[in-house]
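Examining the three-dimensional arrangement
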Amino acid sequence: MNTFASESGDGKDFVSHAPGYWSDTVPELWNDWKWQLKNRVTTLAQLEKHLELSAEERSGVLLSGDKLALAVTPHFFNLLPANNPDDPIRRQVVPRIEETWTSPYDMADPCGEDSHMPVPGLVHRYPDRVLFLVTDRCASYCRYCTRSRVVSGVGEQELHTNFEAAFRYLEAHTEVRDVLLSGGDALIFSDDRLEKLLSRLRAIRHIEFLRIGTRVPIFLPQRITPELCAMLAKYHPLWMSVHVNHPRELTIEVKHALERLANAGIPLGNQSVLLAGVNDDVETMKTLVHKLLMCRVRPYYIYQCDLINGSSHLRTSVAKGIEIIEGLRGHTTGYAVPQFVIDAPGGGGKVPINPGYILYHDNEKIVIRNYEGKIFEYPETGNENLQFAPQREYHDEYLYS
Ligand code: SF4
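Residues numbered from 1 in each chain as written. Predicted model: local features only at pLDDT ≥ 70, side-chain atom pairs only at ≥ 80, totals over all residues.

1. Topic: the pairing of strand β7 (residues 298-304)
Of the pairings in the sheet, the one linking strand β6 (residues 268-274) to β7 comprises six bridges and is parallel in character. Following the sheet pairing, Val273 is matched in β7 by Tyr303. In the classification by handedness, the crossover that spans β6, the intervening helix α12 (residues 282-294) and the parallel β7 is right-handed. Sheet topology places β7 next to strand β8 (residues 339-344); three bridges connect them, and they run parallel. Pairing of Tyr301 across the sheet is with Gln339, part of β8. (Pairing = 2+ DSSP bridges. Helix = DSSP H or I, 4+ residues; strand = E, 2+ residues; numbered from the N terminus. Right-handed = clockwise from strand over helix to strand, strands pointing away.)

2. Things to note about the packing of α12 against helix α13 (residues 318-328)
Put simply, α12 and α13 touch, their axes get as near as 9 Å, and they point 55 degrees apart. Relative to α13, the element α12 lies oblique. Crossing angle aside, the handedness with which α12 passes α13 is right-handed. Along its contact with α12, which presents Val282, Met285, Lys286 and Val289, the element α13 presents Glu323, Ile324, Gly327 and Leu328. Among the residues making up the contact of α12 with α13, the classes are represented as five nonpolar, one polar and two charged. (Axes fitted to C-alpha atoms, helices over the stretch in contact; angles between N-to-C directions. Parallel < 35°, antiparallel > 145°, perpendicular 65-115°, else oblique. Left-handed = near helix turned anticlockwise from the far one by under 90°. Contact = placed C-beta atoms within 7 Å. Nonpolar A, V, L, I, M, F, W, Y, C, P; charged D, E, K, R; others polar.)

3. Description of the environment of Arg177
On the secondary structure map, Arg177 appears in the loop between α7 (163-172) and β3 (178-182). Sequence separation between Arg177 and Val130 is 47 residues, and the spatial gap between their C-alpha atoms is 8.5 Å. Arg177 has contacts with Asp128, Arg129, His206, Ile207, Glu208 and Phe209, leaving out every residue within four places of it along the chain.

4. What about the domain arrangement of the protein?
Domain parsing of the protein yields domain 1 (5-96), domain 2 (114-352) and domain 3 (358-399). A straight line from the C-alpha centre of domain 2 to that of domain 3 covers 35 Å. (Domains from an automatic or database assignment.)

Okay, here's the thing in structure tokens:
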């Protein structure tokens, strides 16, 4: 099928758009991930060849070049309709003038990573795990990227990861049992380069668990070759967090790429960012989580959009995220319900945000409500040994009923 996703309705189906705007490209090239990278859309002229840009987009492309580069793989570009600047996929990758606006809450480093970096490129913020920024490049660039200060190579900072110093730090810090490779996106490395990195980490005996945070299976599914999967399978336990925001991103090619990873024994989780005009409604999120399960991906997190500079037009209220969880929990299988989190500004880490299911809690009982709003009591027992102070939450409708 060769159709734009906006024409295929609500994104519930797995659709292929290839070759789309690249109708004269032969499949051998189209399916080559290096061809996809070489032929990314990176300039205003290339954008205008295919899309009718709005004034906001055109100015955004002209003015955002020193903040976060424009780059979209042909595969992902085929999801963009020619005439709709408000399209949820287009809003994620085409710059807009709003990126140059600043809100009083905006920050360059909203998660406080730079202040938790014991060696360049290694973020050690939690007790037993580290974030290893192995590259500043991605297959395509997301306009709301929380690391836009370093990602893409045109922003205000440069990433100078010191690999040897990072390995030495990890060898010395025996409390680190979990390393997350991110950046940028480690899957744009060649198989050889990535294998050298993984084998070096695996040689550190106290590192139990490796993770890769990546959007490559979505932007560049051609990269998920059988050879890559076979190589990754040598380094288990290796988990992967992918990043899908809208159900239309789950094309047939992406589904097959995710299946190849799952067949290599890699547990897959998804991290979505809650974005205005992209996925800020229950129905879109419900379709997304159901499609993810069909791709063997467990919905893991929904992030409240970080307070990154120039992203205020893409941020939603926190209440919207709570409403989405309320619309999922109990209404569909628990495997489909991600955890909504705020990455606490300044480096506080991820804090789970949930609808209020606890109506009252003391040393004798907890009063809870279910997804239908029905109220139940459960006895609190053995409370003399409680190690925590029970929360008391007073809800008028319970107290006065
Ligand atoms: S793929 Fe990840 S690191 Fe790269 S631009 Fe998107 S959000 Fe940022």
